[in-house]
Amino acid sequence: TEAEFQISFKARLWATDDRRFGVWAAYTQESQWQVYNDELSRPFRETNYEPELFVSYNPDMALGGFRWGLLNFGYNHQSNGRSAPISRSWDRLVAEFGIERGNFALLIRPWYVLSDGEDDNPDITDYYGYADITGVYKWRDHSFTLMGRGNPDTQKGAARFTWTTPPLLGPLRGYVDVFTGYGESMIDYNWRQNTIGIGVALNDLLDRP
């Protein structure tokens, strides 16, 4: 039993006049904090760091009844900043395609692994695979997401369901997270687990600029 929190931000470095094409930098940090474990002085069990640099384009095209409104491509690094034997890291080229229709959006994110961490986690793609898919649905300011990823060859992967409520107190929204599978954090990339979390969030997936 532990607390988990995530801080993410991104900034536009450059854009065309119509803002359809731009260059972005982003950073995400996720931490698992054993705040309830007073016997061990409430340590942080794991922290993952994820800087990114990518170009983004808005095609604004009709595609089979959907609107294709997002195309990203860039570099992604993810690591836990630890020393061996619990160091975890990898580097990827990541593309992201986003289509939407009404209150529904679908985000498809394939990647190519540049470095799999060598001795840290050389089999990470056995558990994470080479892509993830996230569906997002909005209903009366509630936001629901379902993410799936995995490797068909190894039959290992993960799924995550989230529910974000409308604002309850200022910008704060209620948040429910259910995860099953491998790799909830990098230290657990080859460990299967089921977790459920309840907390607060400042925004949801579709609130991104």
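Here is a short report on the structure shown in this document. Since we're looking at a predicted model, the values are computed, not measured. (Residues numbered from 1 in each chain as written. Predicted model: local features only at pLDDT ≥ 70, side-chain atom pairs only at ≥ 80, totals over all residues. Heavy atoms only, no water.)

### Observations regarding the overall build of the chain
Where we set the bar: For the purposes of this entry, the term helix denotes a DSSP run of H or I that reaches at least four residues, the term strand denotes a run of E that reaches at least two, and both are numbered from the N terminus. Just to be clear, the radius of gyration here is over C-alpha atoms, and the globule rule we use is 2.2 Å times residues to the power 0.38. Partly exposed residues are those whose accessible area sits between 20% and 50% of the maximum for their type, while under 20% is buried and over 50% is exposed, using a 1.4 Å probe and protein chains only. The contact rule is simple, with two residues in contact once any of their heavy atoms fall within 4.5 Å. Only the protein chains shown count as covering a residue, and every accessible area follows the Shrake-Rupley method with a 1.4 Å probe.
Looking only at helices and strands, the chain has one helix and 12 strands in total. Tracing the chain from N to C terminus, the helices and strands come up as β-β-β-β-β-β-β-α-β-β-β-β-β. Radius of gyration (C-alpha) of the chain: 18 Å, near the 17 Å computed for a compact globule of 209 residues. Residue burial in the chain is summarised as follows: out of 209 residues, 38% are buried. Long-range contacts, defined here as pairs at least 24 residues apart, represent 45% of the contacts in the chain between residues at least 6 apart. Summed over all atoms, the accessible surface of the chain reaches about 12,200 Å², with 57% contributed by carbon and sulfur.

### Focus on a nonpolar patch on the surface
Formally: Here, patches come from residues exposed beyond 30% relative accessible area and free of salt bridges, joined within 9 Å for like charges and within 5 Å for nonpolar side chains (Val, Leu, Ile, Met, Phe, Trp, Tyr). The salt bridge definition used is simple: a Lys or Arg side-chain nitrogen within 4 Å of an Asp or Glu carboxyl oxygen.
A contiguous nonpolar patch, built from Leu-13, Trp-14, Phe-21, Leu-53, Val-55, Tyr-57, Phe-73, Tyr-75, Leu-93, Tyr-112 and Leu-114 and spanning about 1,100 Å² of accessible area, is present on the exposed surface. Of all the secondary structure elements, the ones that give two or more residues to the nonpolar patch are strand E1 (3-15), strand E3 (44-57), strand E5 (66-79) and strand E7 (104-115). For the nonpolar patch, the element with the most residues is E3, which contributes three residues. Along the chain, the position of Val-55 falls in strand E3. Classification of Val-55 as partly exposed rests on a relative accessible area of 32%.

### Some words on the pairing of strand E2 (residues 21-33)
Where we set the bar: Each pair of strands is called paired provided DSSP finds at least two bridges between the two strands.
Looking at chain direction, E1 and E2 are connected through 12 bridges and run antiparallel. Its bridge partner being in E2, Arg-12 is matched across the sheet by Trp-24. Where E1 folds back onto E2 in an antiparallel hairpin, the turn is made up of five residues, including Arg-19, whose phi is positive at roughly 65 degrees. Bridge count between E2 and E3: 13 bridges; the pairing is antiparallel. Counted as the bridge partner of Trp-24 is Phe-54 from E3.

### Considerations on the pairing of strand E6 (residues 89-101)
Of the pairings in the sheet, the one linking E5 to E6 comprises 12 bridges and is antiparallel in character. Across the sheet, Arg-67 pairs through a bridge with Glu-100, a residue of E6. Bridging between E6 and E7 involves nine bridges; their strand directions are antiparallel. Bridge pairing in E7 places Glu-100 opposite Ala-105. The antiparallel hairpin formed by E6 and E7 contains two residues in its connecting segment, where Gly-102 sits at a positive phi of about 60 degrees.

### A word on the pattern of salt bridges
According to the stated counting rule, one finds nine salt bridges in the structure shown. Residue Arg-45 is joined to Glu-2 by a salt bridge in which the shortest nitrogen-to-oxygen separation is 2.9 Å. Here the residue Arg-45 occupies a position in strand E3, and Glu-2 occupies one in the segment before E1, the gap between them amounting to 43 residues. When the shortest N-O distance is used, the salt bridge between Arg-67 and Asp-60 registers 3.1 Å.

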